[in-house]
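Close look at the chain arrangement
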Amino acid sequence: MRSATAALHYVRRNISLAVGIVLLLALALFVGIGHLVVDTGKSRPLSAPAVRPPSAEHPFGTDRQGRDLLATMVAGTPLTLRIGFIAGFLGVGIGSLLGFVSAYYRGTVDTVIRGVVDIGLTVPGLLVLIIIAVSVKKGLTVDQMAIIVASLAWLNPARTIRAQVLSLRERGYVEVARLSGMSGPEIIVKELMPNLLPYLAATLVNAVSSAILASVGLEVLGLGPIDSPTLGMTLYWVNFNAALINGWWWWWSAPLAIILVVFLGLFFLTVGLDEIANPRLRRAV
Amino acid sequence: MRNLLVHYGTPLGAVTAADSVSFSLRAGERLGVVGESGSGKSTLALAILRMIKPPGRIDAGEVWLDGVNLLALSDEAMRQVRLARIALIPQGSMNSLNPVMRIKDQIADALRDHGLAPSRRQVEERVRELLESVGLRPEVADMFPHELSGGMKQRACIAIAISLRPRVIIADEPTSALDVVVQKQVMETLARVQKDLGASVILVGHDMGLMAQFVDRLGVMYAGRLIEVSPVRDIFTQPLHPYTEMLIASLPSLEQKGTFRGIPGLIPLLRDLPPGCAFHPRCPHAVDRCRAEEPRLREIRPAGWAACHLR
Amino acid sequence: MRADYLARRVGVFVLIVWLAATLNFFLPRLSGQDPVRATLLQQASLGGHVQTGLEAMVKEYERRFGLDRPLWKQYVTYLRDVSRFDFNYSISSYPRTVNSIIAEAIPWTVGLLGITTVLSFTIGTLLGALLAWPGAPRWMRLLMPPLWALHAIPFFLLGLILMYLLAFRMQLLPMFGGYTAGAFPGLTLTFVGDVIAHSILPALSIVLVATGGWALGMRGMMVTTQGEDYVTFAEAKGLRRLTIFLRYCVRNAILPQTTALALALGNILSGAVLVEVIFGYPGVGTILFHAIRENDHFLIQGIVFTVIVALGVATLILDVLYPLLDPRISYRRT
Ligand SMILES: Nc1ncnc2c1ncn2[C@@H]1O[C@H](COP(=O)(O)OP(=O)(O)OP(=O)(O)O)[C@@H](O)[C@H]1O
Ligand code: SF4
Ligand SMILES: [Mg+2]
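I will try to describe carefully the structure that is included in this document.

Conventions we followed
- Residues numbered from 1 in each chain as written.
- Chains lettered and ligands numbered in written order.
- Predicted model: local features only at pLDDT ≥ 70, side-chain atom pairs only at ≥ 80, totals over all residues.
- Heavy atoms only, no water.
- Helix = DSSP H or I, 4+ residues; strand = E, 2+ residues; numbered from the N terminus.
- Buried < 20%, exposed > 50% of the residue type's maximum accessible area, 1.4 Å probe, protein only.
- Contact = heavy atoms within 4.5 Å.
- Areas by Shrake-Rupley, 256 points an atom, 1.4 Å probe, with all protein chains shown as cover.
- Phe/Tyr/Trp six-rings, centres within 6.5 Å; stacked < 30°, edge-to-face > 60°.
- Lys NZ or Arg CZ within 6 Å of the ring centre and 35° of its normal.
- Right-handed = clockwise from strand over helix to strand, strands pointing away.
- Near = heavy atom within 4 Å.
- 1 Å grid on protein atoms, 1.4 Å probe; cavity = no way out; pocket = protein on both sides within 12 Å on 5 of 7 lines; lining within 4 Å.
- Sits in = over half its atoms within 2 Å of the grid points.
- Nonpolar A, V, L, I, M, F, W, Y, C, P; charged D, E, K, R; others polar.
- Pairing = 2+ DSSP bridges.
- Axes fitted to C-alpha atoms, helices over the stretch in contact; angles between N-to-C directions.

1. Description of the overall build of chain B
Counting secondary structure elements, chain B contains 10 helices and 13 strands. Sorting the 311 residues of chain B into buried and exposed places 54% on the buried side. Residue pairs in contact within chain B that sit at least 24 positions apart in sequence constitute 64% of those at least 6 positions apart. Accessible area for chain B stands at about 13800 Å²; split by element, carbon and sulfur atoms hold 52% of it.

Below is the structure:
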């Protein structure tokens, strides 16, 4: 109980963290309550009259294919988040493993990993993803989408974690642990991991955010899971049907607002976590 | 200097990094300041120049130089004092030079900002002179810091420090990152230019051996307080304060040289100091009075000052 | 400048380009069958007045990349074509070549993104530096939260909002395209004015978002720099606040910013694909979008390759120029 109040106190001073948490909690509430009171089956085409502005029956309106947009948002938001989290976790998992190995063992392994990461990070990610997405067969599922996005999501974590481990090494953590007879993997897990937890958390949030951005980008270009009501696919249909010129404002404002909340929430969460990981930046807030 | 009081506001509460520090410095004198890491030596050095950065703050005290109280000066007047009257060679001098400027430009901008607007030729001339006086070749003027060795960088810093012929030079651990041979050369350089200028020096450091060779008087800091100031000979033979005593005893006996490794017991947290004498938890002679009342720095024998109830 | 330094940089450049070509070649073939062939055949079977040309193209493709040829021979053929910048005809708009389509789009994209990138870099870096200056007025701090928030939003989302507000509701600016449909492209005052009017919205959505990023980056670097020993020493030297700010803090903090600028400029061609798509701006992003829709593999590959070459060139230029900015990086070492 005491630690809970202490945590609350901390969050109150770390405003970015608080803002991030509040935004994401609001989103979770929307999805959670939505699943209880809204029939998500209505997110399928032809389940409602086409192109209706918001009304009592369809609070967010309907789109041209006859989807109820409230149901679409309730069903689609978790799908988009799912892509982000799968890709983010895969990316941070693989990336930090490589980062640890690279910084811990150094030598040739490090040279190779660092070289690949450096080149990978220079090449525009969206383009590579486009090539991949165009190359695989049509009719992606949400999870396949996540895997495609994950194929580049490990680059940034690998670089960040590598840099952090190197700086920990310099501070002598590793030497001390090795002198006390720990093995390599043991040192990584027992000594380095705990020190890197805040960084890992910030890196994860960052990776999730980038993965969502990439997936929405691919979807808007028409390379997404065409049958799923994700936020990006909804925007694709908005663009496809020129909803904006036609004045169907409700069609795009709902997904847009939710995506904004997602990005802002994740962004402030990262800033907040960075502040924990890196107190030196406190002055920067 | 009298009753200097510096606080650092930290997320964990205020820290008193220098408390009632008082001492005086005569012209041409070399004063050493030693103390464990975190005892407030750098804070003291920065406070004299009024360069304590937030969250730190100078709360009280006076710093008198030739009849002027520096703490009462305007910001602009204080800026003029820096380098022109008091020069500081900061700790971590390996990175004290701007990596993207040539050495001569780093001397020239100091001259310019102090209202000297010499011609290009005069600047070049002065730079050469300064470099020569610290034993650097004239070519160094056109080099960048990364092209210099550690010792050369430190000499360049000294050259900058003496460029306006200051009355006082404060050197914060000027040689801690250098190897022994270079250390000695740099200290000799510092000693020579100091003599030429007739300036006083405050040398901050860990190395008692170096202090023994270089300074006239030695001040010992503990937990943000100056607890003893004595002529360096006396300190080594008859220290006044129990802390100093233990310090001297802990030195490797080889001609009393070497870096001190500290003494048994924990360095107190500055934000959580024990009441009374800050040293009492580690002091072998502590009595009840030590736990209740803080000792003041008193003159115990001619030129020998200490803050201890038992003296 | 030493020759081996240049040679090494050129080597890295060639490596990146080679990797891009290899990716381009192998990725579509990973799935077992060749989707390029599939699309070609499908398009040719549709018939129409360009059919004969397409059939010739299929024949040519079979001859060079036919299944009867070993993969490595196909690969070598592909590399040779690429090294000559020969990307074949566009499948969807035969008989136009991929090169001519890309060449037409590039000036639009370079114009839009070149200007917006330089603009947001300049404004953002200035702002970031000022935000870190102790002498800056208090109200400047109020700029931080909106900058942050804007920075977290993807370009194209802001684009959508701006388009709705400024073009659809207030009708202040044109919504779509690079110029009014039917206008006669040329160097006349009206046409240039038309192009500028069409560019304002996409440009604004990029500048508003990107400026925040540059400002935050610069501010972070300034804070780091202000903690450096050489800044402490500069203050101890009694330098003026402005001298310290400009010649010690800004001068050092700007180095990483410049690197980032070069990379951003290198990324210019693919920097705002989605903004172009949303605004129907006739740049590289939009033709990429259409190529994807039409399954025009040759066009997609041509664009990807061109973008990566542009990036490689920018990195190369940066590597060659950087030592002028930072004396620590010499041409001699690494
Ligand atoms: N920026 C700061 N914020 C908070 N506390 C600080 C700050 N700088 C110094 N302190 C506090 O002031 C105390 C004195 O620090 P100072 O740097 O003067 O020590 P020092 O004697 O020079 O140590 P060293 O030998 O390691 O250089 C430290 O214990 C620290 O707790
Ligand atoms: S005052 Fe007391 S505790 Fe402090 S040093 Fe002297 S004897 Fe020890
Ligand atoms: Mg110090």
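2. What to know about the packing of aromatic side chains
According to the stated counting rule, one finds 23 aromatic pairs over all chains in the structure shown. With centroids separated by 5.6 Å and ring planes inclined at 20°, the aromatic side chains of C:Tyr164 and C:Phe168 adopt a geometry described as stacked. You can see C:Tyr164 and its partner C:Phe168 sitting in helix H7 (residues 155–169), 4 residues apart, about one turn around the helix. Taken together, the aromatic side chains of C:Phe25, C:Phe26, C:Tyr75 and C:Tyr78 make up a single cluster linked through ring pairs. Above the ring of B:Phe214, the side-chain terminus of B:Arg30 is found at 4.4 Å from the ring centroid.

3. Some words on unusual backbone geometry
With the exception of glycine, the majority of residues adopt a negative phi angle, and the majority of peptide bonds are in the trans configuration. One non-glycine residue, A:Arg106, lies in positive phi territory at about 50°. Among the secondary structure elements, A:Arg106 is positioned in the loop between helix H3 (69–105) and helix H4 (107–122). In this structure, B:Arg165 is a non-glycine residue whose phi angle is positive, near 50°. Positionally, B:Arg165 belongs in the loop between helix H5 (150–161) and strand S8 (168–172).

4. Section: the pairing of strand S9 (residues 200–205) of chain B
Residue and element names in this part refer to chain B. When you tally the buried positions in S9, you get 6 out of 6 residues, the bulk of the element. The alternating pattern of S9 places Ser 200, Ile 202 and Val 204 on one face and Val 201, Leu 203 and Gly 205 on the opposite face, and all of these are buried. After leaving S8, the chain enters helix H6 (residues 180–197) and then returns to the sheet as S9, a path that is right-handed.

5. What about the site of ligand 2?
Residues and elements named next belong to chain B. Around ligand 2, the neighbouring residues are His 241, Pro 242, Cys 277, Phe 279, His 280, Cys 283, Ala 286, Cys 290, Pro 295, Cys 308, His 309 and Leu 310. A majority-of-atoms criterion places ligand 2 in the largest cavity. Residue composition of the shell around ligand 2, grouped by class: 9 nonpolar, 3 polar and no charged.

6. Side note on the sheet that holds strand S11 (residues 225–231) of chain B
All names here are of chain B. With respect to topology, 8 strands assemble into an open sheet ordered S7-S8-S9-S3-S10-S11-S13-S12, the strand pairing being mixed. Two strands in the sheet have a free side with no partner beyond their single neighbour: strand S7 (86–89) and strand S12 (298–301). Looking at each pair of strands side by side, their axes are set apart by 20° on average, direction ignored. Across 5 bridges, strand S3 (residues 30–35) lies against strand S10 (residues 217–222) in parallel orientation. Residue pairing for S10: Val 34 is matched across the bridge by Val 220. Contacting S10 and S11, helix H9 (residues 242–249) crosses the sheet at an angle of about 105° to S10.

By themselves these figures say nothing about function.
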